[in-house]
Amino acid sequence: MIVCKNCGRVFDGNYCNNCGQSAKTRRLNWRFIVENFEHEILHFDHGIVFTIKEIFLRPGTTIKKFLEGKRKKYSHPLTYIAVISVIYFILRSVFVKYTPPADTSDTQSIITDFIYHYYPKIVVVVFIPLAALFTGIFYPGNPYNFVELFSFHCYIRGQFMLFELLVLFINWSLIHLGTALPPVVTAGSTMLFNLLFMGWAQQQFFNDKNFFQAFLKAVGLTVLLMISAAILAIIAANVLGKN
């Protein structure tokens, strides 16, 4: 019989039948750290990479499975968006070179500076709960509570950020080759992906009859979020302009 070093339960076998910890534990070393990181993050049959793959392939269906209780293989929504956000902001700082405006006193410069430094963070912190709240407008009577809708949008927002990183990487690569994508292409492709992907995810998640119906709801939700973003930008410009 073995005494679990994690919870103290006496058990027989390779794993504790109370908390699931392995019977084999050893002192921490670099090999253990690397193996554990690879096991938790990089495996294709569970964890972050597996979750990314499944949500890209079957967004609404995958999230629905998680909410229904099939959670062993998937990253939890807050862990997922936190990891993706760290990756996003690190790589974004590499791919996007920002030149501050020469005159920082006018309103347009203040808004431009605000958008670069704060808007992506506001999108993560504010847009996810707002999207969960606004979803009820387009899907009244849906069977999900606020936390479940919040989880849905954590996963979807993570995919948005990953696709944007792909577009930024392509543009960064082209810049090093002496050219670049027009801003309208980078912004337009990202927005188009977001709308199409959101529509597809909502069709699966809410069992919409057809994709076009779900797509229109995705457009409506995005419009509400963009209005919210505009209001925040105006408020921020007024506040920063007074300082």
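Description of the structure in this document. Treat the numbers as computed from the prediction; the structure is a model and nothing was measured.

**Examining the pattern of salt bridges**
Per the counting criterion, the structure on display carries three salt bridges. Of the charged contacts, one joins Arg58 and Glu54 as a salt bridge, the two residues approaching to 2.7 Å between their closest N and O atoms. Ionic pairing is found between Asp208 and Lys217, a salt bridge with its closest N-O pair at 3.3 Å. No difference in accessibility class separates Asp208 from Lys217, as the two residues are buried. If you follow the salt bridges from partner to partner, you end up with Lys53, Glu54 and Arg58 in one network.

**Examining the packing of helix H2 (residues 47-57) against helix H8 (residues 183-206)**
Relative to each other, H2 and H8 sit at 85 degrees, their axes nearing to 10 Å. By the criterion of interaxial angle, the relationship of H2 to H8 is roughly perpendicular. Here Ile55, Phe56 and Leu57 of H2 come into contact with H8, specifically with Phe193, Phe197 and Trp200. Residues belonging to the contact of H2 with H8 are distributed by class as follows: six nonpolar, no polar and no charged.

**Notes on the side chain of Thr222**
Within the secondary structure, Thr222 sits in helix H9 (residues 211-242). Of the polar contacts made by the side chain of Thr222, one reaches the backbone oxygen of Ala218; its length is 2.8 Å. Among residues more than four places away in sequence, those in contact with Thr222 are Met191 and Leu195.

**Description of helix H4 (residues 77-95)**
Over its 19 residues, H4 runs 26 Å from end to end, which matches the ideal 27 Å to within 8%, given 1.5 Å per residue. Of all the positions in H4, only Pro77, Tyr80, Ile81, Ile84, Ser85, Tyr88, Arg92 and Phe95 are classed as buried. The arc that holds the buried residues of H4, viewed along the axis, is 120 degrees, so those residues lie on one side. Exposed side of H4, more than 90 degrees from the buried face: Val86 and Ile90 are the residues found there.

**Thoughts on a nonpolar patch on the surface**
Residues Val86, Ile87, Ile90 and Leu91 make up a contiguous nonpolar surface patch of about 320 Å² in total accessible area. Here Leu91 shows up in helix H4.

Conventions adopted
- Residues numbered from 1 in each chain as written.
- Predicted model: local features only at pLDDT ≥ 70, side-chain atom pairs only at ≥ 80, totals over all residues.
- Heavy atoms only, no water.
- Salt bridge = Lys/Arg side-chain N within 4 Å of Asp/Glu carboxyl O.
- Buried < 20%, exposed > 50% of the residue type's maximum accessible area, 1.4 Å probe, protein only.
- Axes fitted to C-alpha atoms, helices over the stretch in contact; angles between N-to-C directions.
- Helix = DSSP H or I, 4+ residues; strand = E, 2+ residues; numbered from the N terminus.
- Parallel < 35°, antiparallel > 145°, perpendicular 65-115°, else oblique.
- Contact = heavy atoms within 4.5 Å.
- Nonpolar A, V, L, I, M, F, W, Y, C, P; charged D, E, K, R; others polar.
- Polar contact = N/O pair within 3.5 Å; in protein donor to acceptor, adjacent residues only side chain to side chain.
- Expected span 1.5 Å × (residues − 1).
- Arc of directions from axis to C-beta.
- Patch = residues over 30% accessible without salt bridge, like charges linked within 9 Å, V, L, I, M, F, W, Y side chains within 5 Å.
- Areas by Shrake-Rupley, 256 points an atom, 1.4 Å probe, with all protein chains shown as cover.

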